[in-house]
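Report on the structure
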Amino acid sequence: MKKWYGSAALLLAAIIWGFAFVAQSVGMEYVGPFTFQAVRSLIGSAALVPVICVMDRQRKKKPGYTAPDKKEKRYLWKVGIACGIVMCIACCLQQVGILYTTVGKAGFLTSLYLVLVPILGIFLHNKVPARIWFCVAICLAGVYLLSMTGSFTLAAGDTMILACAFFFAIHILIIDHFAQDVDGVRLSCIQFLVTGILSSVCMFALEKPSLSGLMAAGVTLLYAGVMSCGGAYTLQIIGQQYTEPTTATLLLSMESVFSMVGGVLLLGQTPSLRELCGCMLVFAAVVLAQLPGKSAGQ
């Protein structure tokens, strides 16, 4: 039951992130990439504060409740800061790299975290069944069909996108290692506070944010902040408590499918046969990964 609970949380996160691509593409017509990233991260962190307050009140009503001590709080902040730094690096590399390559290629190269997570997991003694490796290969083929439309040649920004995929993989492994020991909602709140602060430095150094631009992008910033940051990343942390990291990456890869669905429903875009085939491959890989079988580490 816990496995399906975690899978549902990760799938919901993928749905939210998929539709967030639409919000981001519209929002960045009014503000720069670092401004968008900084503001949505701070909104996401702020949106989780009342959630934490409500959860704390509920916990205090339960018999045997004990407040976290200073050691536990320091540990939470260390993990949150580490997650925030890694996430900020990944997002900044992606934002800059996408300026020098195509969106489709950037999406495909970013999805290489699907392979990097199990490869890096080997060094952490995580066992990945052959069935999951097969699912990863199918999923990558599907993402390729969804994202790539021209020939595959490396452009100037591709190295940055590859580095971005590496840091996204590190972020997933950090959460997998530490999420069991900390409050997932608090961890999400702290990581977005850190990401927002660091992104703000890039915002003021490289861009000229304006109040009019922020107001024009207000709705998309709210969605990306409250739903994508505050909601989806919290679901990721909670979901990874019940799901091994490679399977988690496969579920999160459904983001590419739902981004296409969002484009169809909200922007009136028409998917090609190639893109529909890519969707079916990604979906098949996710379903196959969820079938009963010997999981990694058993």
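Attention here is on the structure that accompanies the text.

The rules behind these values
Residues numbered from 1 in each chain as written. Predicted model: local features only at pLDDT ≥ 70, side-chain atom pairs only at ≥ 80, totals over all residues. Heavy atoms only, no water. Helix = DSSP H or I, 4+ residues; strand = E, 2+ residues; numbered from the N terminus. Buried < 20%, exposed > 50% of the residue type's maximum accessible area, 1.4 Å probe, protein only. Contact = heavy atoms within 4.5 Å. Axes fitted to C-alpha atoms, helices over the stretch in contact; angles between N-to-C directions. Parallel < 35°, antiparallel > 145°, perpendicular 65-115°, else oblique. Nonpolar A, V, L, I, M, F, W, Y, C, P; charged D, E, K, R; others polar. Salt bridge = Lys/Arg side-chain N within 4 Å of Asp/Glu carboxyl O. Patch = residues over 30% accessible without salt bridge, like charges linked within 9 Å, V, L, I, M, F, W, Y side chains within 5 Å. Areas by Shrake-Rupley, 256 points an atom, 1.4 Å probe, with all protein chains shown as cover. Expected span 1.5 Å × (residues − 1). Polar contact = N/O pair within 3.5 Å; in protein donor to acceptor, adjacent residues only side chain to side chain. Left-handed = near helix turned anticlockwise from the far one by under 90°.

For the rest of this paragraph, the subject is the overall build of the protein. Along its length, the protein carries 13 helices and zero strands. Reading the helices (α) and strands (β) of the protein from amino to carboxyl end gives α-α-α-α-α-α-α-α-α-α-α-α-α. The 298 residues of the protein split such that 47% are buried. Expressed as a percentage of contacts within the protein between residues at least 6 apart in sequence, the contacts between residues at least 24 apart total 93%.

This part takes up the packing of helix α5 (residues 113-123) against helix α11 (residues 245-252). Running from amino to carboxyl end, α5 crosses α11 at an angle of 175°, the nearest separation of the two axes being 9 Å. Considering the angle they form, α5 stands roughly antiparallel to α11. For the pair α5 and α11, contact is made by Tyr113, Leu114, Val117 and Pro118 and by Pro245, Thr246, Thr249, Leu250 and Leu252, respectively. The class makeup of the residues in the contact of α5 with α11 is seven nonpolar, two polar and no charged.

This structure, assessed with the given rule, holds four salt bridges. Between Asp56 and Arg59 there is a salt bridge, with its nearest N and O atoms 3.2 Å apart. Residue Asp56 and its partner Arg59 are both found in helix α2 (residues 33-60); the two are separated by three residues, about one turn of the helix. For Arg59, a relative accessible area of 27% gives the class partly exposed. The residue Asp183 makes a salt bridge to Arg59 at a minimum N-O spacing of 2.8 Å. Remark: Arg59 occurs in helix α2 and Asp183 occurs in the loop between α7 (158-178) and α8 (184-206); sequence separation between them is 124 residues. Asp183 sits in the buried class, given a relative accessible area of 19%. Salt bridges linked by common partners bring Asp56, Arg59, Asp183 and Arg186 together as one network.

Taken together, the side chains of Leu42, Trp77, Ile81, Ile85, Ile89, Leu193, Ile197 and Leu198 present a nonpolar region at the surface, about 630 Å² in accessible area. Only α3 (70-97) and α8 provide two or more residues apiece to the nonpolar patch. Looking at the secondary structure, you find Ile81 in helix α3. Here Ile81 falls in the partly exposed class, since its relative accessible area comes to 36%.

This part covers α3. Between its terminal C-alpha atoms α3 stretches 40 Å, which fits the 40 Å expected from 28 residues at 1.5 Å a residue. Among the residues of α3, the N-terminal cap falls to Asp69, whose side-chain oxygen and the backbone nitrogen of Lys71 are separated by 3.2 Å.

The terminal C-alpha atoms of α7 lie 30 Å apart, and with 21 residues this matches the ideal 30 Å at 1.5 Å per residue to within 8%. When α7 is considered as a whole, its buried residues turn out to be Asp158, Ile161, Cys164, Ala165, Phe168, Ala169, His171, Ile172, Leu173, Ile174 and Ile175.

What follows covers the packing of α2 against α8. For the pair α2 and α8, interaxial distance at closest approach is 7 Å and the crossing angle is 160°. Of the possible angle classes, the one that applies to α2 and α8 is roughly antiparallel. Pair α2 / α8 crosses with left-handed handedness. Residues that form the contact of α2 with α8 fall into these classes: 16 nonpolar, nine polar and three charged.

As far as function goes, none of this settles anything; it's purely spatial.
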